[in-house]
Amino acid sequence: MSDGREMRDSSTILPDGTAYVTRIVPVPKTVSPEAQQMLARVESDAPVHQSLEERRKGTDTWQAGVGEVSKKMYPVNVGADSIAGVPVRVITPLTIAPEKATAF
């Protein structure tokens with residue numbers, strides 16, 4: 001780690017049988033620098049106690065942000081709809097060749 005702490009594989013088994021296992025998995029050099037940066041993020045895997053409403057709000061915010069970034073690379077139209085009562089996003093190209101167009 002860059003903060004000076006030594007990281008190494010370890011395992012401990014408590015008398016009650018609880019096992020604590022740490023495995024260090026290096027970020028592969030075979031992926032893009034952007035992927036390496038994303039994979040190298042330090043994130044806790046501790047449970048996050050959120051209500052369903054809080055989780056949905058966070059997911060919606062995340063999707064909107066990522067969607068805007070993605071639209072800059074791959075311009076598309078994004079619309080909202082519902083299928084069997086489930087909210088969905090309908091993503092279509094900015095232009096569709098007449099021979100490829102279908103009625104929705």
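Definitions and limits used
Residues numbered from 1 in each chain as written. Predicted model: local features only at pLDDT ≥ 70, side-chain atom pairs only at ≥ 80, totals over all residues. Heavy atoms only, no water. Helix = DSSP H or I, 4+ residues; strand = E, 2+ residues; numbered from the N terminus. Buried < 20%, exposed > 50% of the residue type's maximum accessible area, 1.4 Å probe, protein only. Salt bridge = Lys/Arg side-chain N within 4 Å of Asp/Glu carboxyl O.

Enquirer: Explain the environment of Gly 58 to me, please; I cannot follow it from the model alone.
Expert: Among the structural elements, Gly 58 can be located in helix H2 (residues 52–73). Under the relative-accessibility criterion, Gly 58 is labelled partly exposed at 38%. Along the backbone, Gly 58 and Thr 12 are 46 residues apart, and their C-alpha atoms lie at a distance of 35 Å.

Enquirer: Please clarify how the pattern of salt bridges should be interpreted in this entry.
Expert: Any two side chains of opposite charge can pair, given that their charged atoms come close. Overall, the coordinates contain 2 salt bridges when judged by the stated rule. A salt bridge links Arg 41 to Glu 43; the nearest nitrogen and oxygen atoms lie 2.7 Å apart. Residue class for Arg 41 comes out partly exposed when judged on its relative accessible area of 49%. On the basis of relative accessible area, Glu 43 is assigned to the exposed category, the value being 56%. For Lys 71, the salt bridge is made with Glu 68, and the minimal N-O distance between the two is 4.0 Å. With a gap of 3 residues between them, Lys 71 and Glu 68 both fall in helix H2, about one helical turn apart. Judged by relative accessible area, Lys 71 falls into the partly exposed class, the value being 30%.

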